[in-house]
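Close look at the chain arrangement
Here is what each chain is made of, one letter per residue.
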Amino acid sequence: GAEVLFSVDCTKLKDYFLPEQGGFDCIYFNFPHCGRKAGVVKNRELLARFFRSSAEVLTEEGEVHVALCNGQGGTPADQPRREWHNSWQVVAVAAGAGFILSNVHPFNAETIQGYKCTGYRSQDKSFCVKGALSHVFTRSTALPRFKPVSCQTELEGRKVSFQVPQVLVDKFNRGFLEVDSNHPVRTIKEKLRAELGQAFPLQDTDCCLSLLHRGHLNGVCHSNVFWVTLSPEETPSTALPNGLANAVLSSHAAFCRDRDQSGLGNVHEGEHNSHQYCLRPSLLPFAQAVIQRGAFLPGTLHLLSGPVFRRCLISPSSTPVFHEMVFACAVDRGTENSCIQMLAKNIQSSLGSLPQPVSSLKLSIRLEEASSSDTAEPEDFAAFEPRLGEVDYLICAETETSTSRVGTIRTDRCEAVSRELVAVFASLNLDLLAMLACGISDWRMLWTWDRRFLRQFPGGELRLFRAFSLYPPSYVHDVSFWVPEGEQFDEVAFHTVARQVSGETVTSVRLLDSFQQPETGRKSLCYRLTFQSCDRALSCQEVAEMQLLLREEMKQLLAVTLR
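Residues numbered from 1 in each chain as written. Predicted model: local features only at pLDDT ≥ 70, side-chain atom pairs only at ≥ 80, totals over all residues. Heavy atoms only, no water.

If you look the chain up in an unreviewed UniProt entry, it shows as phenylalanine--tRNA ligase from Psilopogon haemacephalus. The chain has a UniProt comment under Sequence similarities (unreviewed entry) that states "Belongs to the class-II aminoacyl-tRNA synthetase family." (UniProt positions renumbered as here; feature names shortened; annotations may be inferred.)

1. Notes on the sheet that holds strand β9 (residues 227-229)
The strand order across the open sheet formed by three strands is β8-β11-β9, and the pairing between neighbours is antiparallel. Of all strands in the sheet, those bounded by a partner on one side alone are β8 (212-214) and β9. Pairwise comparison of adjacent strand axes, ignoring direction, gives a mean angle of 45° for this sheet. As paired elements, β9 and strand β11 (residues 276-279) share three bridges and run antiparallel to each other. Across the sheet, tryptophan 227 pairs through a bridge with cysteine 278, a residue of β11. (Pairing = 2+ DSSP bridges. Helix = DSSP H or I, 4+ residues; strand = E, 2+ residues; numbered from the N terminus. Axes fitted to C-alpha atoms, helices over the stretch in contact; angles between N-to-C directions.)

2. Here we look at the nonpolar core
By size, the foremost hydrophobic cluster in this structure holds 66 residues, and its most contacted members are Phe162, Leu168, Phe172, Ile188, Leu279, Phe327 and Leu343. When residues of this core are assigned to their parent elements, the largest contribution, eight residues, is made by helix α7 (residues 430-438). Excluding its chain neighbours within four sequence positions, the residues that come into contact with phenylalanine 327 are Leu196, Leu301, His302, Leu303, Leu343, Ile347, Val424, Phe425, Ala426 and Leu428. In this structure, Ala493, Ala498, Met546 and Leu550 belong to the second largest nonpolar core, which totals 27 residues. (Core = buried A, V, L, I, M, F, W, Y, C linked by side-chain atoms within 4.5 Å. Buried < 20%, exposed > 50% of the residue type's maximum accessible area, 1.4 Å probe, protein only. Contact = heavy atoms within 4.5 Å.)

3. Comments concerning the sheet that holds strand β4 (residues 133-139)
The strand order β1-β2-β4-β3 describes an open sheet built from four strands, whose pairing is mixed. In the strand order of this sheet, the two ends are held by β1 (24-30) and β3 (99-106), each with one partner. For this sheet the average axis-to-axis angle between neighbouring strands, irrespective of direction, equals 20°. In terms of strand pairing, strand β2 (residues 58-68) meets β4 through six bridges, oriented antiparallel. Looking across to β4, one finds that valine 64 is bridged to phenylalanine 137. Where helix α1 (residues 40-55) meets the sheet, it contacts β1, β2, β3 and β4, and its direction lies at approximately 155° from that of β2.

4. Observations regarding the layout of surface pockets
The space that makes up the largest pocket amounts to roughly 1400 Å³. Lining the largest pocket are 43 residues, with Phe29, Asn30, Phe31, Pro32 and His33 sitting closest to its centre. Elements with a contribution of two residues or more to the lining of the largest pocket: β1 and α1. Residues of the lining of the largest pocket, tallied by class, amount to 25 nonpolar, twelve polar and six charged. (1 Å grid on protein atoms, 1.4 Å probe; cavity = no way out; pocket = protein on both sides within 12 Å on 5 of 7 lines; lining within 4 Å. Points joined across faces, edges and corners; volume = space filled by probe spheres on them. Nonpolar A, V, L, I, M, F, W, Y, C, P; charged D, E, K, R; others polar.)

5. With respect to the side chain of glutamate 504
Along the chain, glutamate 504 falls in the loop between α9 (491-502) and β19 (506-516). Overall, the relative accessible area of 8% leaves glutamate 504 in the buried class. A distance of 3.0 Å separates the side chain of glutamate 504 from the side chain of arginine 499, its partner in a polar contact. (Polar contact = N/O pair within 3.5 Å; in protein donor to acceptor, adjacent residues only side chain to side chain.)

6. Examining the environment of leucine 211
Within the secondary structure layout, leucine 211 lies in the loop between β7 (202-204) and β8. Taking the relative accessible area as the measure of exposure, leucine 211 reaches 11% and is therefore buried. Put simply, leucine 211 and cysteine 278 are 67 residues apart on the chain and 8.5 Å apart in space, counted from C-alpha to C-alpha.

7. Examining the pairing of strand β20 (residues 523-531)
For β20, a buried count of seven out of nine residues is recorded, marking the element as mostly surrounded by other parts of the structure. Note: strand β18 (residues 475-482) against β20, eight bridges, orientation antiparallel. Bridge pairing in β20 places valine 479 opposite tyrosine 527. Relative to β20, β19 runs antiparallel, the two being bridged by nine bridges. Bridge pairing in β20 places serine 508 opposite threonine 530.

8. Description of the packing of α9 against helix α10 (residues 540-558)
Two elements in contact, α9 and α10, have axes whose closest approach is 9 Å; the angle formed by their N-to-C orientations is 140°. By the criterion of interaxial angle, the relationship of α9 to α10 is oblique. Handedness of the crossing formed by α9 with α10: right-handed. Residues Ala493, Phe494, Val497, Ala498, Gln500, Val501 and Ser502 of α9 touch α10, and the partners they reach there are Met546, Leu549, Leu550, Glu553, Met554, Leu557 and Leu558. Across the contact of α9 with α10, the residue classes break down as eleven nonpolar, two polar and one charged. (Parallel < 35°, antiparallel > 145°, perpendicular 65-115°, else oblique. Left-handed = near helix turned anticlockwise from the far one by under 90°.)

9. Section: the environment of valine 501
Secondary-structure assignment places valine 501 in helix α9. Taking the C-alpha atoms as reference points, valine 501 and arginine 551, separated by 50 residues in sequence, lie 9.7 Å from one another.

10. A short note on empty space enclosed by the protein
Scanning all chains against the criterion turns up three cavities of 30 Å³ or more. When its volume is computed, the largest cavity comes out at roughly 60 Å³. What lines the largest cavity is a set of 13 residues, among which Ile100, Pro472, Pro473, Arg536 and Ala537 lie closest to the centre. Of all the secondary-structure elements, those providing two or more residues to the lining of the largest cavity are α2 (90-95) and β3.

Below you can see the structure in the form of structure tokens.
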């Protein structure tokens, strides 16, 4: 009962099917080949034209299945694997048409009734399909292009606005912690809250947390925060209150390429500008304010949670924004250690009760004394925490294969309230905990716009994450430049510009060479950037355009001279 068409040109599929017939749910191309002794380059071109043609007739949720002989695809699934330049580079070629590799499995001709492989060198001869693989491609979400955005809020009874740093535009107002969210970050938060509620009286204080902080925070490096500037006529004359209305986002049509938009700021270290604000880098100052105001009952655990923002170096676990959860409690002097142990026990209990198969990761929590710890401190969580007293313990999460620091516990005196009380603060990175609990290796996946991510956690149920983009291609580009004379190069700012230009597709920035000209003393740096997306199709052409834009932005924002 099916209609069969012959002599269909695989590179012009839309010419054979009317639009009113609808798209295809599946397109199969078994062992494509240009014929005779065509080289890898010609066969790549054939695949590229086929994928572009398929994109025109495939449904939104459709699949493209391509069977290739062993080694041709060039992915780690091929055994043995060919050298990249000698393969068909099927994943990179498909990316050019907006497809990602979502599955790969052995091709078994015996399971296909009536199938016979033929066409060896354009002859009626069979060819070897031992070790052949079937590659399943699906559509990728488009690479997002976000317009500049301003955030409006109310301070001291008047409306103010600031421009959101461009690198954070796609991460504002995502609502991961909202009541109707199924995001694993919220699930982790609720499990912690439920477990701690059995041991302490709880008080939520999320509703009064400001996105902004005025001036500098003790212990926070100027270059590690996102600076924003309020309009002069809208700038409050006094410090920010502890209240913030719901943020309202509005798009601007024009692109403004300046330091304010990038969040790099114009205030130098040590300067004070009454109009200068930064996006909150931590919730710990808010927790300290709760205790210092005396608006608490001794023994009550105050819970604060929300996104925090920090400029940091690029790495798989270094996040410019993550969800922090802070617990604050004032206890009688001399009982702080028992409070700390109870906190750690309940954090461990909440994560140890995760359902199967998530609990197969054997996630456990332990405390390390900060003074004796040799645990590496990741830049995303340790380098610029506000100093609210000394850090007493590091909270470390362990799986069978790794140990990661996910938080801190510290104490501080409450002399402003009572000399008989000691404040205990525990800070947790919910994003890192969600990644460990669900087996997510890249923080960017938590922020993906692809609906296939949240579909894996129906009703907020925690499960082991299954990647829907396999073996994503990576591309390498170098950039070399002269540093302005007499200035220290801001590497964090460079990484921030790379994040912004690439849409978070730069996964690695490595210093290749540093050279100082003897005659003039000028310094030249050469960096190697690796581009790769964990959830979207990324083509070599797109990356080349990003690299060109990066060079332009570096000239404007970092004042370097390109070589």
